[in-house]
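# Examination of the molecular architecture
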Amino acid sequence: MDIPGSAGQFMTGRAKLSAMTVKTKDEILKMAKVCKLAARCLEHTGKFVRAGITTDELDKIANDWGLSHGAKAAPLGYKGYPKSICTSVNHVICHGVPGSEVLKDGDIVNVDVTLLLDGFHGDTSYTFFVGEVSERAKKVTEIAKRAMEKGIEAITPFGTTGDIGFAINKFTTKSGFFVVEEIGGHGIGRVFHEDPFVPSFGKKGRGDRLLPGGCITVEPMVNETDADMIDHAIPNSSIQWYTTADKTLSAQFEHTVLITEKGPEILTVP
Ligand code: MF3
Ligand code: CO
Ligand code: CO
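Quick look at the structure, then.

So, about the side chain of S200. Turning to its location among the elements, S200 is positioned in the loop between strand 10 (194–198) and strand 11 (215–218). Judged by its relative accessible area of 1%, S200 falls in the buried class. The contact partners of S200, leaving out residues within four places of it in the chain, are G165, I168, N169, V179, V180, I183, P220 and M221.

Below, the discussion takes up the packing of aromatic side chains. Inspection of every chain in the model, using the stated rule, returns three aromatic pairs. Each ring, one from Y78 and one from F192, has its centre 4.6 Å from the other, and the planes form 45°; the classification is tilted. On the criterion of sequence distance, the pair formed by Y78 in the loop between strand 3 (72–73) and strand 4 (85–89) and F192 in the loop between strand 9 (185–187) and strand 10 is long-range, its members being 114 residues apart. Each ring, one from Y126 and one from F128, has its centre 4.8 Å from the other, and the planes form 45°; the classification is tilted. Assessed through its relative accessible area of 14%, F128 is described here as buried. Three or more aromatic residues link up through ring pairs in this structure, and these residues are Y126, F128 and F253.

Turning next to a positive patch on the surface. Together, K150, K170, K174 and K204 line one region of the surface with positive charge. The residue K150 is located in helix 4 (residues 135–153) in this model. We classify K150 as partly exposed; its relative accessible area is 34%.

Criteria and cut-off values
- Residues numbered from 1 in each chain as written.
- Chains lettered and ligands numbered in written order.
- Predicted model: local features only at pLDDT ≥ 70, side-chain atom pairs only at ≥ 80, totals over all residues.
- Heavy atoms only, no water.
- Helix = DSSP H or I, 4+ residues; strand = E, 2+ residues; numbered from the N terminus.
- Buried < 20%, exposed > 50% of the residue type's maximum accessible area, 1.4 Å probe, protein only.
- Contact = heavy atoms within 4.5 Å.
- Phe/Tyr/Trp six-rings, centres within 6.5 Å; stacked < 30°, edge-to-face > 60°.
- Patch = residues over 30% accessible without salt bridge, like charges linked within 9 Å, V, L, I, M, F, W, Y side chains within 5 Å.
- Areas by Shrake-Rupley, 256 points an atom, 1.4 Å probe, with all protein chains shown as cover.
- Salt bridge = Lys/Arg side-chain N within 4 Å of Asp/Glu carboxyl O.
- Lys, Arg positive; Asp, Glu negative; His and termini not counted.
- Charge placed at Lys NZ, Arg CZ, Asp CG, Glu CD.

This is the structure:
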């Protein structure tokens, strides 16, 4: 892996430049470690996605796997969130709370895993198919994945978050789908969600500057229609979960990415 030199090497500890926390080499190694573990946890959990399993069972599988590898599930207890992962089925846009819901043939489910290890967070998600899914389910999922990839490809050292949002929105719209504007990616490190906000829309050159040694997530949510979003409360939590108002499908993928002097480096790879 590439460890950025110039921004990091003049730092002694953490520094806040622009809206982004620049990490030291040691901190970047810790990010790489937790991100790889999160990706492996997601891969492991995904093997159990099938018709008949409940989202609560997926939650336990992910939590147990993390714990057995020395990591904590970051969502559990985060702002009162009651579970270890998020499971967002069909028209659930994000932050779906695992429970007694049984997955059925034809569903799509986003599983979002965030692990905490050695003081650092790794955050990644993937939309899985349950059995055989419809052509439109395949399409919205494919576009969400490619939108995330376009966003990551738009990352350059000293570029901006607007570059990322522009690329995501351009690709998604051109494909006939719609991005969610209200929720997006985020800076990540010792803090689960930190600055900057990483939008799924925007203008090139606008937004926050991307600095080598910084880490962000790229996690566009892609919808079939431009219907409103409905927010739903979670008891005793300040986190909300979101659905499409017209119950059409929404899909999402997420990687945690290190910004290097050469460009983006995806950290959440198994
Ligand atoms: N993992 C989600 C993200 O990508 C955040 C989940 S917060 C929770 O940012 F509390 F809902 F778990
Ligand atoms: Co996530
Ligand atoms: Co995230």
